[in-house]
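Chain by chain, the residues run as shown.
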Amino acid sequence: MTRQHMLAAVLTGHGGPEQLEVRDDVPIPRPGRGEVLVQVTAAAVNNTYLWTREGAYGRADDPHAVAGWQGVPLDFPRIQGGDVVGVVTAVGDEADEAIVGRRVLLDPTRYADGSGGDDGGDDGGDDGGDGGDSDPGTDEPTLEAVLGSELDGGFAEYVAIAVDQAHDVTDSPLSDEQLACLPIAYGTATGMLERAQVRAEETVLVTGASGGVGLALVQLARARGARVIALTSADHAATVRDAGASQVVARDEDPVADRIRQAAAGPIAVVADVVGGWAFEQLFPLLATGGRWVTCGAVADPVVSLDLRQLYLHRRRLLGSTMHTPSQFRRLVDDARHGRIDPVVARTYPLAQIHTAQADFAEGDHVGKLVLVPQR
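Summary of the structure given here. The written sequence of each chain sets the order in which its residues are numbered from 1. Note on the predicted model: pLDDT of at least 70 is required for a residue's local features to be given, and 80 or more for side-chain atom pairs to be given and counted; whole-chain, interface and lining totals, by contrast, use all residues. Note that water and hydrogens are dropped before the side-chain values are worked out from all heavy atoms of the structure.

Turning next to the sheet that holds strand S1 (residues 5-11). Reading across the sheet, the three strands line up as S2-S1-S4 and stay open at both edges, with antiparallel pairing between neighbours. The two strands at the open ends of the sheet, each matched to only one other strand, are strand S2 (20-27) and strand S4 (78-79). Between any two strands, pairing holds if DSSP finds at least two bridges. For helices the rule is a DSSP run of H or I covering at least 4 residues; for strands it is a run of E covering at least 2, with both sets numbered from the N terminus onward. Strand direction decides the pairing type here: S1 and S4, joined by two bridges, are antiparallel. Within the sheet, the bridge partner assigned to Leu11 lies in S4 and is Arg78. Contacting S1 and S2, helix H10 (residues 354-363) crosses the sheet at an angle of about 145 degrees to S2. Any two residues whose heavy atoms approach within 4.5 Å are treated as being in contact. Axes, fitted as lines to C-alpha atoms, cover a helix only where it is in contact. Angles between the N-to-C directions of the axes lie from 0 to 180 degrees.

Rendered as structure tokens:
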């Protein structure tokens, strides 16, 4: 490679859009031992990148503190972007050169053993196992770092990553832009459904169903044989229904809770929530006795109130879910290779227009994913 520098969107600190600078003088990373260098062909936009830039994750002792998702400020400068697909152009020591030239989808998670992690499962097995340290009281490995947060990510022309986090999708029928939709949105959705133990024939309510994670939840829950009720805006109802929702309830028409109860016409076994705030407070009482509420986000408000009697008298379970495990990601990759999922790309932008893409994302007037394509 003769070039030494690349185009990249560099986050210089927590704050507003002005903290994100598009530069063409960023050194191209060199793959280290066990790593590969990937030329990025597409990278999707997620809410986590806005929250990370804003430092909006808070701390355990102060929910309004400026911090990254682990409760501490990030190291800057940082290249964001964890939803990445591209082509391997070079390998470091101890990486098999046979992967050069292959199209790969990147698992953005790294676990406490210092690698992409192995939670002991296989493509169809359980997630428990002996790969790395585990979270106390669980059988899952400890999530240590995420591409684009603790590690430089794919809002750039090139990214270096551990070889076991680069999954070959050369033969997938999905486009690069569709593949870029998968890692965080579909990975997060997969983790939520696994942790909530969603089963066929159960009724699942999905909030924020037109967003990246929400639409993934609709598709994946329907693929598991669940009956899906989707909460979204009236403008997006048709697209969400096409994704697999049995019933769609418009969030902008009151009373929302009553209309969801009517649409369900029976117990709601699982609520997969990305909204938080008002949605949690109004909809938690709809959950069936023994039901599971799984949450991965709080786009409405992270601070909610809960009458604990609604929790313990009905034996409901409240589950937090962040990202996915390695075996869950491998199953997602297998779905991508065989075209079992159909990610919706709302719009694409050149990388240099990342500010426009993030502003459009914040507006929320789209269904599916917004994707960046590196261009000089």
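Below, the discussion takes up a negative patch on the surface. Patch rule: a residue counts if its relative accessible area is over 30% and it has no salt bridge; like charges are joined within 9 Å, and nonpolar side chains (Val, Leu, Ile, Met, Phe, Trp, Tyr) within 5 Å. Method for areas: the Shrake-Rupley scheme with a 1.4 Å probe, in which residue coverage is limited to the protein chains shown. Each salt bridge in this description consists of a side-chain nitrogen of Lys or Arg and a carboxyl oxygen of Asp or Glu lying within 4 Å of one another. We count Lys and Arg on the positive side and Asp and Glu on the negative side, and we leave His and both chain ends out. A charge is said to be at NZ when it belongs to Lys, at CZ for Arg, at CG for Asp and at CD for Glu. On the surface, Asp235, Asp252, Glu253, Asp254, Glu363 and Asp365 cluster together into a negatively charged patch. Along the polypeptide, Glu253 turns up in the loop between strand S13 (247-250) and helix H6 (256-264).

Right, let's get into the packing of aromatic side chains. Geometry of an aromatic ring pair is reported as the spacing of the ring centres plus the angle between the planes. When two rings of Phe, Tyr or Trp (its six-membered ring) have centres within 6.5 Å they constitute a pair, described as stacked for plane angles under 30 degrees, edge-to-face for angles over 60, and tilted for the intermediate range. Applying the stated criterion to the full structure yields five aromatic pairs. Taken together, a centroid distance of 5.1 Å and an interplanar angle of 75 degrees make the contact between Tyr49 and Phe155 edge-to-face. Placement of Tyr49 in helix H1 (residues 47-54) and of Phe155 in the loop between strand S8 (143-146) and strand S9 (158-162) is noted, with a sequence separation of 106 residues between them. Residue class for Tyr49 comes out buried when judged on its relative accessible area of 3%. In this scheme, a residue with accessible area under 20% of its type's maximum is buried, one over 50% is exposed, and one in between is partly exposed, where area comes from a 1.4 Å probe on protein chains only.

Let us look at empty space enclosed by the protein. Grid spacing is 1 Å over the protein atoms alone, the probe is 1.4 Å, and a cavity is where that probe fits but cannot get out, while a pocket is an open set with protein on both sides within 12 Å along at least five of seven lines and lining residues have an atom within 4 Å of a point. Grid points are joined across faces, edges and corners, and a volume is the space filled by probe spheres set on the points. Taken as a whole, this structure holds one cavity of 30 Å³ or more when the rule is applied. Quantified by volume, the largest cavity comes out at close to 30 Å³. In this structure, the largest cavity is lined by Tyr186, Gly212, Leu215, Ala216, Pro343, Val344, Gly368 and Lys369. The greatest single-element share of the lining of the largest cavity, amounting to three residues, is contributed by helix H4 (residues 212-223).

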